[in-house]
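Working through the structure, step by step
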Amino acid sequence: MSSERVAAWTEAELGVPGRVLEVVRAPEGVLSARGADVDPTAADIVQLAADLVATMRVSPGCVGLAANQVGVGVRMFCVDVVEHPKTRTHHGTFVLCNAEVVESSRNEKAREGCMSVPDFTGDVKRASRLTVRGQLPGTGETVSFATDAFEARALQHEIDHTDGFLFLDRVAGAHAIYPRQTYL
Amino acid sequence: MSTDLYAVTVLGHDRPGIIAATTAGLAELGLNIEDSTMTLLRGHFAMMLLCRGAADGAAIERALAPLAADGDLDVAVRPVADEPAPAAGGTSWVLTVHGGDRSGIVSAVIAEVAAVGGNITDLTTRLSGDLYLLVAELALPVGADVDAVATAIRTAAERVGVTATLRPAEADEL
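Keep in mind the model is a prediction, meaning the values are calculated, not measured.

Definitions and limits used
- Residues numbered from 1 in each chain as written.
- Chains lettered and ligands numbered in written order.
- Predicted model: local features only at pLDDT ≥ 70, side-chain atom pairs only at ≥ 80, totals over all residues.
- Buried ≥ 20, exposed ≤ 12 C-beta atoms within 10 Å, placed from the backbone.
- Helix = DSSP H or I, 4+ residues; strand = E, 2+ residues; numbered from the N terminus.
- Pairing = 2+ DSSP bridges.
- UniProt positions renumbered as here; feature names shortened; annotations may be inferred.
- Contact = placed C-beta atoms within 7 Å.
- Axes fitted to C-alpha atoms, helices over the stretch in contact; angles between N-to-C directions.
- pLDDT = per-residue confidence, 0-100.
- Parallel < 35°, antiparallel > 145°, perpendicular 65-115°, else oblique.
- Left-handed = near helix turned anticlockwise from the far one by under 90°.
- Nonpolar A, V, L, I, M, F, W, Y, C, P; charged D, E, K, R; others polar.
- Arc of directions from axis to C-beta.

**Topic: the pairing of strand E2 (residues 76-79) of chain A**
Residue and element names in this part refer to chain A. Here E2 shows a buried face lined by Met 76 and Cys 78 and a second buried face lined by Phe 77 and Val 79. Relative to E2, strand E1 (residues 64-66) is paired through 3 bridges, and the arrangement is antiparallel. Bridge pairing in E2 places Ala 66 opposite Phe 77. Here 4 bridges tie E2 to strand E3 (residues 94-114), and the two strands are oriented antiparallel to one another. Within E3, the position partnered with Met 76 by the bridge is Cys 97.

In structure tokens form, the structure reads like this:
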């Protein structure tokens, strides 16, 4: 089962220590361009996967980080929503390459923030039931799994990053943007 | 008895109690507040409200005069006509534009909406550091070629070095 495989995955599989990278902020152009598809078995991609996890770990409140956000225009991101109170289903820490949404349903609106847009939050409607497909870095296995609630939101936010979209591109309306007070 | 409609605008230095003082003055005159909006624009208090009642404009100005006594708030009162309800039809959209700040972003992008007879119905712009952000709600007329409008907006945005996203304004009917 892909779901169990993803849940069992840890960054230890990558076999390289992660480095903490600088997170770039809008209006950096790399955040608004679709990333390149990657070879998930390539050594530089495996290193970047480790770096993304390491950078997420040291960033307070961070539940996901895309390669664009560390200035690398490739389609890869990490997610870890285990500690978030809005989480129901989760798959621990994982990294996906070339991910895409397979199915989505049950839209719900909630307020989001982003490390690359530190001064604003915004109300965004996203699916609360989601099936995604992508590849694990290192082995390159293709995985497909379903999730819900906050992990579904985090995945859509990160997949948007890989496609060159910020949550600002999804906000519900002119009064759905707020000056930042606390992180997501 | 007159039931004239008045627009009251209050602009200036923000401090606690502006809305309380404004609405108290209007309430004493028996005015009913209808639509209103208030926000802070780079820290400046900005409020516009429409109120209706039997008071005349001069009486409203006298009632609100203490608000402007310190010289850091501008208060204006003027009569306005009732507007007809918007015609049905057309489609509603949300536009996001963001990118590096420079002059001319809003005009370049919004011109493409106006060019097809589209109407901006709500607009927020924010500048934070180098990031300029515009979110607008707009109505496009029946028959508008939405794909062409979206392309024109994106092209205009690219010319001024920003990105634009146009998407349907969703409303869940329950």
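After that view of the structure, there is still more to cover.
**Section: the UniProt feature "active site" (unreviewed entry) in chain A**
Residue and element names in this part refer to chain A. On the UniProt side, "active site" (unreviewed entry) is annotated at positions that read Glu 158 here. Secondary-structure assignment places Glu 158 in helix H3 (residues 149-162). Exposure remark for Glu 158: the 24 C-beta atoms within 10 Å place this residue in the buried category. Discounting residues that sit within four places of it in the chain, Glu 158 has contacts with Gly 64, Ala 66, Phe 77 and Val 79.

**Points about the sheet that holds strand E7 (residues 131-140) of chain B**
Residues and elements named next belong to chain B. Pairing in this open sheet of 4 strands is antiparallel, and the strands run E6-E7-E5-E8 from one edge to the other. The sheet is open, and its two borders are formed by strand E6 (119-128) and strand E8 (162-168), each paired with just one other strand. Geometrically, the sheet is characterised by an average inter-axis angle of 15 degrees between neighbouring strands, direction not taken into account. Across 7 bridges, strand E5 (residues 91-100) lies against E8 in antiparallel orientation. Bridge pairing in E8 places His 98 opposite Thr 163. The sheet contacts of helix H3 (residues 105-115) involve E5, E6, E7 and E8, and relative to E7 the element is tilted by about 15 degrees.

**Points about unusual backbone geometry**
Residue and element names in this part refer to chain A. The residue after Ala 26, namely Pro 27, is reached through a cis peptide bond having omega 15 degrees. Mapped onto the fold, Pro 27 is located in the loop between helix H1 (2-8) and helix H2 (43-57). One non-glycine residue, Arg 106, lies in the positive phi region at around 60 degrees. Along the chain, Arg 106 falls in strand E3. Note on Arg 106: 12 C-beta atoms within 10 Å, which makes it exposed.

**Observations regarding the confidence of the model for chain B**
As a note on interpretation, predicted positions should not be read in detail where pLDDT is low. Summing up the model confidence of chain B, the mean pLDDT is 94 and the portion of residues at 70 or higher is 99%. Interface confidence in the predicted complex, given as ipTM, is 0.89; pTM for the same model is 0.92.

**Overview of the packing of H3 of chain B against helix H4 (residues 146-159) of chain B**
A pair of packed helices is captured by two measures, namely the crossing angle of their axes and the spacing between those axes. Residue and element names in this part refer to chain B. In contact at an axis separation of 9 Å, H3 and H4 are set at 165 degrees when each is read in the N-to-C sense. When the axis of H3 is compared with that of H4, the two are roughly antiparallel. Here the hand of the crossing between H3 and H4 comes out right-handed. For the pair formed by H3 and H4, the contact residues are Ala 108, Val 109, Ala 111 and Glu 112 on the first element and Val 149, Ala 152, Ile 153, Ala 156, Ala 157 and Arg 159 on the second. Of the residues belonging to the contact of H3 with H4, the class tally is 8 nonpolar, no polar and 2 charged.

**Quick look at the sheet that holds strand E3 (residues 44-53) of chain B**
Residues and elements named next belong to chain B. Ordered by their spatial adjacency, 4 strands build an open sheet running E2-E3-E1-E4, and the pairing between neighbours is antiparallel. At either end of the open sheet lies a strand with only one pairing partner, and these are strand E2 (32-41) and strand E4 (73-80). Each neighbouring strand pair of the sheet contributes to a mean axis angle of 10 degrees, computed without reference to strand direction. Direction of pairing for E2 relative to E3: antiparallel, over a ladder of 8 bridges. Within E3, the position partnered with Ser 36 by the bridge is Leu 49. Sheet contacts for helix H2 (residues 57-64): strand E1 (4-13) and E4; angle to E4, the most-contacted strand, approximately 160 degrees.

**Describing the environment of Trp 93 of chain B**
All names here are of chain B. Considering the arrangement of structural elements, one finds Trp 93 in strand E5. Each C-alpha atom, one on Trp 93 and one on Ala 169, is 4.6 Å from the other, the two residues being 76 residues apart in sequence. Among residues more than four places away in sequence, those in contact with Trp 93 are Leu 138, Leu 140, Leu 166, Arg 167, Pro 168 and Ala 169.

**Here's the deal with helix H1 (residues 18-28) of chain B**
Residues and elements named next belong to chain B. Residues of H1 that are buried: Thr 22, Gly 25 and Leu 26. Within H1, the buried residues cover an arc of 95 degrees as seen down the axis, which keeps them to one side. Among the exposed residues of H1, those pointing more than 90 degrees away from its buried face are Ala 20, Ala 24 and Glu 28. Lining the buried residues of H1 we find E1, E2, E3 and H2.

**What about the interface of chain A and chain B?**
Interfaces are often sized by the amount of accessible area the parts lose when they come together. In this complex, chain A contributes 13 residues to the contact, which on the side of chain B involves 20 residues. Counting residues per element, the side of chain A that touches chain B draws most heavily on strand E4 (residues 117-135) of chain A, at 3 residues. By residue class, the composition of the side of chain A that touches chain B is 7 nonpolar, 3 polar and 3 charged.

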